[in-house]
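# Observations on chain architecture
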Amino acid sequence: MSRAHATSRFTVDLDALTANYATLKAQAGGAEAAGMLKANAYGLGGSHVAAALWAAGARSFFTAGVGGAEALRQLLGPKADVYVLDGCRRDDAPRLIDAGLIPVLNSIEQIAHWRAGGGERRLAALHVDTGMNRLGVRPEEAADIASSGLPVALVMSHLACGDFENHPMNPRQLAAFRAVRPLFPNARVSLANSGGIFQGPDYSFDMVRPGVALYGGGPFGKPDQRIAPVATLEAEILQVRDVPAGESIGYAASFEADKPIRIATVGVGYADGVLRSNQPKGQVWFEGALRPMLGRISMDTLAVDMSGCEAAQAGRFVELFGPNLPVDEAAARAGTIAYELLTSVGTRVERTVNSAG
Ligand SMILES: *Cc1c(COP(=O)(O)O)cnc(C)c1O
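Report follows, based on the coordinates. The shown structure was predicted, so the numbers you read here are calculated from the model rather than taken from an experiment.

### Comments concerning the overall build of the protein chain
Looking only at helices and strands, the protein chain features eleven helices and 19 strands. In terms of overall dimensions, the protein chain has a C-alpha envelope of 75 × 50 × 40 Å along the principal axes. A burial count over the protein chain gives 51% of its 357 residues as buried. The contacts of the protein chain with a sequence gap of at least 6 include a subset with a gap of at least 24, amounting to 64%. Total accessible area on the protein chain stands at roughly 16,000 Å², and carbon and sulfur atoms take up 50% of it. Side chains of the protein chain give 33 positive and 36 negative charges; the mean places of these two sets differ by 3 Å.

What follows is the structure in structure tokens.
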């Protein structure tokens, strides 16, 4: 039985992913590069991303949620180090131990859950908050934890402003992190996310934890020559129509043509992750040019100005982001960040993975 194809498709280029992995690892000098796989690898598909990173030499992986971490353990086998970012909640310890997972302990309370649940002598990671106030123990709590004899394999912290090229938070957090480090002489240490890797060699320590730059987002929230595009979102033109001057397009009649125009109705909408906040700046790429979206984004469709473009025909595909329209630029036009665009791609979008190697 043949199935009608979807009107939108999402393609992941695993060769570009592994090229980015190599770039980030080289940029981090001698440090190990772990793969950040939370949220189904930023929406790209956790299992094929994990397998590709493993093949590229990655041996440490971070994810959020015990369930996803268990699946990673199954997929990657016993030799991978699988870290759980949300740590050890009240009843997590037995499952973490069963699957040989490493919790990133985020509070004194989590340390107690880990110890009480059987983790007393097992290696864990410790998250020290150096200024973000999200997860992690406070630096002043670290000395007591160190002297308690908890076996800490990795001490890590996270930068609040790693994606800013010159933000005073970065040196401040670096200094706070350095002050904690001597308390754990036997532990490895890790501070840098994608942006942190590009803050200078001091930020790389033993391990870096890139996420978005693996997946094609620039480390500083804008397109970056060093990072290859990995994910492409495309959608099919369903209909081309001529709109006379004075008529409006779409819900709320919020766009009015001031001259005769030709538009394409494209089969992708906010249910697929093309945010309504694309109005009024959103664009698509088609036949060598960026072309503006017009009017409101519907659930299943959006309108694009194709005036003067003979090639615009039903059945052709336009690019929402990808090699011709960087995901950072598409995100900025919708008032958000690449992370949100990548993780918003909807379930009915057809998914394909490409790899030559
Ligand atoms: C998400 C995350 C990262 C990766 O951040 P990117 O900005 O995507 O590189 C690294 N460390 C922690 C703790 C994270 O939560």
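Further notes follow.
### So, the site of the ligand
Inspection of the region around the ligand gives 14 residues, with Lys38, Tyr42, Ser194, Val212 and Tyr339 positioned closest. One nitrogen or oxygen atom from the side chain of Lys38 is found 2.6 Å from an oxygen atom belonging to the ligand. At 2.8 Å from an oxygen atom of the ligand is found a main-chain nitrogen or oxygen belonging to Gly211. For the ligand, the accessible surface in isolation is 380 Å², of which the surrounding protein chains cover 94%.

### So, the packing of helix α1 (residues 14-27) against helix α3 (residues 46-55)
Packing of α1 against α3 leaves a shortest axis separation of 10 Å and a crossing angle of 50°. Relative to α3, the element α1 is oriented oblique. The handedness of the crossing between α1 and α3 is right-handed. Judged by residue contacts, Leu14, Leu17, Thr18 and Tyr21 of α1 engage His48, Val49, Ala52 and Leu53 from α3. Looking at the contact of α1 with α3, its residues break down into six nonpolar, two polar and no charged.

### Here's the deal with the pattern of salt bridges
Inspection of the entire model under this criterion finds 13 salt bridges. For Arg178, the salt bridge is made with Asp202, and the minimal N-O distance between the two is 3.5 Å. Here Arg178, found in helix α8 (residues 169-180), pairs with Asp202, found in the loop between α9 (194-197) and β10 (207-208); they are 24 residues apart in sequence, far enough to count as distant. Between Glu287 and Arg316 there is a salt bridge, and its shortest N-O distance comes to 2.7 Å. A residue pair is termed long-range when its members are at least 10 positions apart, and Glu287 in the loop between β15 (283-286) and β16 (289-294) and Arg316 in the loop between β17 (302-305) and β18 (317-321) qualify at 29 residues. Given a relative accessible area of 43%, Glu287 falls into the partly exposed group.

Cut-offs and rules
- Residues numbered from 1 in each chain as written.
- Predicted model: local features only at pLDDT ≥ 70, side-chain atom pairs only at ≥ 80, totals over all residues.
- Heavy atoms only, no water.
- Helix = DSSP H or I, 4+ residues; strand = E, 2+ residues; numbered from the N terminus.
- Buried < 20%, exposed > 50% of the residue type's maximum accessible area, 1.4 Å probe, protein only.
- Contact = heavy atoms within 4.5 Å.
- Areas by Shrake-Rupley, 256 points an atom, 1.4 Å probe, with all protein chains shown as cover.
- Lys, Arg positive; Asp, Glu negative; His and termini not counted.
- Charge placed at Lys NZ, Arg CZ, Asp CG, Glu CD.
- Near = heavy atom within 4 Å.
- Polar contact = N/O pair within 3.5 Å; in protein donor to acceptor, adjacent residues only side chain to side chain.
- Axes fitted to C-alpha atoms, helices over the stretch in contact; angles between N-to-C directions.
- Parallel < 35°, antiparallel > 145°, perpendicular 65-115°, else oblique.
- Left-handed = near helix turned anticlockwise from the far one by under 90°.
- Nonpolar A, V, L, I, M, F, W, Y, C, P; charged D, E, K, R; others polar.
- Salt bridge = Lys/Arg side-chain N within 4 Å of Asp/Glu carboxyl O.

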